[in-house]
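Listed below, chain by chain, are the residues.
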Amino acid sequence: MPGLMTIMALAASPPMSVRRCFCSSSKKMSGSTVSLVKKLSSSQAHLLGRSWALAATVATAAATAFHVDEQEEMMMLRLSEEGWVDEHILPLLTPVEEAWQPADLLPSFAGSADEQRSQVAELQARAAGVPDDLLVCLVGNMVTEEGLPAYMSMANRVAGGCDATGCDDHGWARWLRGWTAEENRHGDLLNRYLYLCGRVDMRRVETTVHHLLGRGMRAMLRPSSAYHSLIYGSFQERATFVSHARTARQARLHGDACLAKLCGVIAADERRHEAAYTRAAARAFEDDPDGMVRALAAVMRAKVTMPGELMDDGRDERLFDHFSAVAQRSGVYMAADYADMVEHFVRRWKVAELGGGLSGEGRRAQDYVCGLPRKIRRMEELAHDRAAQMGAQSVCFSWVFDRPVRIH
């Protein structure tokens, strides 16, 4: 990231390469340059002029983006240096010795062989009552959790909040590593449960994880933006909390108390992580309300997509869409939840109450975001009406040995 003075210079005028281009065209229209222009038709000259103008526009936009990122970087650095992260964010991590581990919640292999077989048999007996649609939701959630390396890599691009050496001591670096350590248990826990329960084709599930890690993620609009990262993190953690909490509730209804507990402890982690990102975003709104409301509108326009969007089992090219349809139909995670989340964060960050310090673009962003829940709900109503007119449809999921599962 260039220094602050360099960024300010870039923001004030186009980059040197572009300025040279315009200087050459305006002051030295002689020799080879004049010859070139004389040979151009009027339409060609017009296109050349448009290309120069486009280059200037792109360069100016890039300079502005760098300037914004520099502001965000300085905010992140200040929060860390002043101890705000240590006081308000790091306490939301559970001390390691107090944290649950997968071995605490699954059959223990410390006892005799008979005890081990008995524990596994009990787990499988309870899992036998879990319907295939809930298993599909569980696998999709687990695969998403297993994409953690891509998510940590993405989070480590945030200007002012990254862990440059891998063991930095500043607050954001310690949060990133602590968050990763807590999240790492989620995929481990669900993976082991699915392996022990015997209800899913683990090779196809593992192939899906392999594909997802290879394909990465494309959820972030501007990966280096601290504002975008805090907003996206807030939404994503809340979405995973809702999904795991609903899975826990349904597992309990189907008689699997073990699965309900597993999903419940994961949901509790996601709740704490949501609190951290939401709290940091609220602080950013206090420091730079105009920048944050514009960032919120940009993230909303780009849509908050699930980080597991690129999952692929090697067979179904629309696997994520089908998984999402099952989650919607089964009530684990629905489009209406997205509208509820937007409304929640607009209220939590007091977006409607932002004062007169907003720019024109900031006010337009404020109006857009505050009106978004109503638009999302209307779109959901239309989608529901369309789905009601369609007949029942099922898709075979490799995760459950190619058994058909209803998607609507």
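Structural data are supplied above this passage.
Residues numbered from 1 in each chain as written. Predicted model: local features only at pLDDT ≥ 70, side-chain atom pairs only at ≥ 80, totals over all residues. Heavy atoms only, no water.

A few points about the overall build of the protein
Working step 1: Within the protein one finds 17 helices and 2 strands.
Working step 2: A burial count over the protein gives 48% of its 408 residues as buried.
Working step 3: Of all intrachain contacts in the protein linking residues separated by at least 6 positions in sequence, the fraction that spans at least 24 positions is 81%. (Helix = DSSP H or I, 4+ residues; strand = E, 2+ residues; numbered from the N terminus. Buried < 20%, exposed > 50% of the residue type's maximum accessible area, 1.4 Å probe, protein only. Contact = heavy atoms within 4.5 Å.)

Some words on the packing of aromatic side chains
Working step 1: One pass over the full model with this rule turns up 8 aromatic pairs.
Working step 2: Relative to W349, the ring of F345 has its centre 4.8 Å away and its plane inclined at 25°; by these criteria the two rings are stacked. Each of the two residues, F345 as well as W349, counts as buried.
Working step 3: Taken together, F235, F285, Y338, F345 and W349 form an aromatic cluster joined through their ring pairs.
Working step 4: Sitting over the face of the ring of F241, R271 holds its NZ or CZ atom 4.3 Å from the ring centroid. (Phe/Tyr/Trp six-rings, centres within 6.5 Å; stacked < 30°, edge-to-face > 60°. Lys NZ or Arg CZ within 6 Å of the ring centre and 35° of its normal.)

A word on the nonpolar core
Working step 1: Ranked by size, the top nonpolar core spans 108 residues in total, and within it Y193, F235, L296, M300, W349, F397 and W399 carry the most contacts.
Working step 2: Sorting elements by how many residues they give to this core places helix α13 (residues 257-287) first, with 14 residues. (Core = buried A, V, L, I, M, F, W, Y, C linked by side-chain atoms within 4.5 Å.)

Here we look at the packing of helix α12 (residues 226-253) against helix α14 (residues 289-302)
Working step 1: Axis separation between α12 and α14 bottoms out at 9 Å; the angle between their running directions is 55°. Taken together, the axes of α12 and α14 are oblique relative to one another. Once α12 is placed against α14, the crossing between them reads as right-handed. Mapping the contact onto sequence places Y227, H228, I231 and F235 in α12 and G291, M292, A295, L296, A298, V299 and M300 in α14.
Working step 2: For the contact of α12 with α14, the per-class residue count stands at 9 nonpolar, 2 polar and no charged. (Axes fitted to C-alpha atoms, helices over the stretch in contact; angles between N-to-C directions. Parallel < 35°, antiparallel > 145°, perpendicular 65-115°, else oblique. Left-handed = near helix turned anticlockwise from the far one by under 90°. Nonpolar A, V, L, I, M, F, W, Y, C, P; charged D, E, K, R; others polar.)

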